[in-house]
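Given next are the chains, with one letter for each unit.
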Amino acid sequence: MRAICVASAALLGAGALALAAPAAVAATGGERGTNSFGFDVSPTTVAAGDDVTLNVWGCATEVKVFSSAFDPVVIPKGQHSATATVGWKAEPGTVQVTFQCEREDGNKDLTIEAGRQSGHGQSGMHAQKGVKAGAGGTIAGFDPGDIGLGLALVMGSVGAAYHWSHRRTADEDN
């Protein structure tokens, strides 16, 4: 009898997590819209000389990626990402990154931030890059309301499972 209670609690918790998963996946970003393929640029804010990761999914052929911030990139068929380096002469502001899969294309914005010196200092060495704090992380782009709702669902299901399992044991003792 006790095993049934534990199994029920485990299934209830797993169900709550399964219901919360679609919201977490929807909050991860990326573009698809009217395109038959998806694409993304990470990070979305960079300085001249920084690298960006170009991600693509759902395209059966090679993907060509164009932008005024970096040289054209080709993501071969069967691969899902490539890296591009933003040119030192990239002007601050927002530029478009165009992903082309066969005859379809889609755009994603890339912001070039100001304030970076050229790549070489007076000593001829590359300028050191500082830490990019706040430019991503595991919960970047998540709404606090979404996180709170997910937490409430999980805690509610755990609390209900605890309540029902202890209620059964109290009834059995009498």
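Nothing here was measured: the structure is a model prediction, and the numbers come from that model. (Residues numbered from 1 in each chain as written. Predicted model: local features only at pLDDT ≥ 70, side-chain atom pairs only at ≥ 80, totals over all residues. Heavy atoms only, no water.)

With respect to the sheet that holds strand β4 (residues 63-67)
A sheet is described by the order of its strands in space; here five strands give the open sequence β2-β8-β7-β4-β5, paired in mixed fashion. Each edge of the sheet is formed by a strand with only one pairing partner; in this case those strands are β2 (45-46) and β5 (73-75). Strand direction decides the pairing type here: β4 and strand β7 (residues 93-101), joined by five bridges, are antiparallel. Bridge pairing links Phe66 to Thr98 in β7. (Pairing = 2+ DSSP bridges. Helix = DSSP H or I, 4+ residues; strand = E, 2+ residues; numbered from the N terminus.)

Some remarks on the packing of aromatic side chains
Inspection of every chain in the model, using the stated rule, returns two aromatic pairs. Ring geometry for Phe37 versus Phe39: centroids 5.5 Å apart, planes at 45°, classification tilted. Taking relative accessible area as the criterion, Phe39 reaches 2% and is therefore assigned buried. Residues Phe39 and Phe99 carry aromatic rings whose centres are separated by 5.0 Å and whose planes lie at 25° to one another, so their mutual orientation is stacked. Taken together, the positions of Phe39 in strand β1 (residues 38-42) and Phe99 in strand β7 put the pair 60 residues apart, joining distant regions of the chain. Accessibility expressed as a relative area gives 0% for Phe99, which makes it buried. An aromatic cluster is built from Phe37, Phe39 and Phe99, whose rings are joined through pairwise contacts. (Phe/Tyr/Trp six-rings, centres within 6.5 Å; stacked < 30°, edge-to-face > 60°. Buried < 20%, exposed > 50% of the residue type's maximum accessible area, 1.4 Å probe, protein only.)

Topic: the pairing of strand β6 (residues 81-85)
Working note: regular strand, side chains alternate between the two faces of the sheet. Residue alternation in β6 divides its side chains into a buried set, Ala82 and Ala84, and an unburied set, Ser81, Thr83 and Thr85. Relative to β6, strand β3 (residues 51-57) is paired through five bridges, and the arrangement is antiparallel. Opposite Asp51, over in β6, you have Thr85 as the bridge partner.

Focus: the nonpolar core
Ranked by internal contacts, the top residues of the largest apolar core, which has 24 residues, are Val52, Leu54, Val65, Phe70, Phe99 and Leu110. By residue number, the principal contributor to this core is β7, which donates four residues. Contacts of Leu54, omitting those with residues within four sequence positions, involve Asp40, Val41, Val65, Phe70, Val73, Ile75, His80, Ser81, Ala82, Ala84, Val97 and Phe99. (Core = buried A, V, L, I, M, F, W, Y, C linked by side-chain atoms within 4.5 Å. Contact = heavy atoms within 4.5 Å.)

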